[in-house]
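Coordinate inspection notes
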Amino acid sequence: MGSSPYAHTMPTPSTPEGRDGLAAILDRPAGTVVALDFDGTLADIVPDPEQARAHERAVPALAALAPRVGSVVVITGRPAGVAVRYGGFAGVEGLDGLVVLGHYGAERWDAATGTVTAPAPHPGVAAVRAELPGFLDRIGAWQGTWIEEKGRAVAVHTRRAEDPQAAFDALREPLAALASRHGLVLEPGRMVLELRPPGMDKGVALAEYVREVGATSVLYAGDDLGDLAAYAAVDKLRSDGTPGVLVCSGDEVPELAERADVVVAGPGAVADLLAAIAERLG
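Residues numbered from 1 in each chain as written. Predicted model: local features only at pLDDT ≥ 70, side-chain atom pairs only at ≥ 80, totals over all residues. Heavy atoms only, no water.

Taken in spatial order, the 8 strands line up as S5-S4-S3-S2-S1-S10-S11-S12 in an open sheet, and their pairing is mixed. Two strands close off the open sheet at either side, each with one partner strand: strand S5 (115-117) and strand S12 (262-264). Each strand of the sheet is rotated relative to its neighbour by a mean of 20°, with strand direction disregarded. Pairing between strand S4 (residues 107-110) and S5: 3 bridges, direction antiparallel. Paired with Asp110 across the two strands is Thr115, which belongs to S5. Here helix H1 (residues 16-27) sits on the sheet and contacts strand S1 (32-36), strand S10 (217-222) and strand S11 (244-249); the angle it forms with S11, its principal contact strand, is near 110°. (Pairing = 2+ DSSP bridges. Helix = DSSP H or I, 4+ residues; strand = E, 2+ residues; numbered from the N terminus. Axes fitted to C-alpha atoms, helices over the stretch in contact; angles between N-to-C directions. Contact = heavy atoms within 4.5 Å.)

Turning our attention to unusual backbone geometry. Unusually for a residue other than glycine, His103 sits at a positive phi of about 50°. Unlike most non-glycine residues, Met191 shows phi in positive territory, near 60°. Along the chain, the position of Met191 falls in the loop between strand S8 (185-188) and strand S9 (192-196).

Okay, the nonpolar core next. Among the nonpolar cores identified, the biggest contains 43 residues, and Leu36, Leu42, Phe89, Val100 and Leu274 are the most heavily contacted of them. Looking at this core, the element that brings in the most residues is helix H9 (residues 267-281), giving 8 residues. When residues no more than four places from it in sequence are discounted, the contact partners of Leu36 are Leu42, Leu62, Val72, Val73, Val74, Ile75, Tyr220, Ala221, Val270 and Leu274. Of all hydrophobic cores here, the second largest spans 24 residues; its members include Leu101, Ala215, Val234 and Cys248. (Core = buried A, V, L, I, M, F, W, Y, C linked by side-chain atoms within 4.5 Å. Buried < 20%, exposed > 50% of the residue type's maximum accessible area, 1.4 Å probe, protein only.)

One pass over the full model with this rule turns up 18 salt bridges. Here Glu148 and Arg78 are joined by a salt bridge, their closest N and O atoms 3.9 Å apart. Of this pair, Glu148 sits in strand S6 (residues 146-149) while Arg78 sits in the loop between strand S2 (71-75) and helix H3 (80-87), and the two are 70 residues apart along the sequence. Looking at Arg78, the relative accessible area reads 4%, which means it is buried. Close ionic contact of Arg190 with Glu252 constitutes a salt bridge, the shortest N to O distance being 2.6 Å. Within this pair, whereas Arg190 is found in the loop between S8 and S9, its partner Glu252 is found in the loop between S11 and helix H8 (254-257), the two being separated by 62 residues in sequence. (Salt bridge = Lys/Arg side-chain N within 4 Å of Asp/Glu carboxyl O.)

Here is the structure:
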């Protein structure tokens, strides 16, 4: 028997819905939206988020896939411009139609224009930014935690604490109360708690984008609790007749892995999956 013409192995989804979604993508790629989280999905999780960069195979895989499908969109909690810079997405041949939705969809960067569009910032973010250092100090949570400035949001990381999970658990309720007092919501992640404006999440952003482009199928890949809203959006699309595939990058978040159609071993494997789809379509 001859060898396979494909360099990358295509995983088989574990659910009927996932298999139907993958079949629809391969059969009608022009109507497909491929949507991806950034940190933990296209980029490895690192102790310092400012050092995160797209996996070395991610951009080549995206550039191979993007011309073969309807559109590729990155949906992230980061500012859109930061994700573009850390991802190395600007000026890449094949990614001239890429869209990056930052701050869970509140900001948008289009590769076609190279510009970011966004509404005015929420005043509660500035209030929380000013209050947060003293707040953490008063509750005895300053040691081992640190604040990440995200422009339209503020995040508190516990990954460097002596016991990261204990610090995360201890901070969750007080930070939720602080967020609520300033009209914000708390978004938990992998050893990070983000205080951000309400009304947008990855599910809202994904559903709106799918409607905008008139997609006939969708693939979404994520790795963290914030991606559950996007998973729910894909579930809703599937129940309404739009096939979709849910991909989980890694298995650190069981709530996500248990709902996924395909679980792969982190950003390198996500890149390989995208490359495998591109090869089948090419």
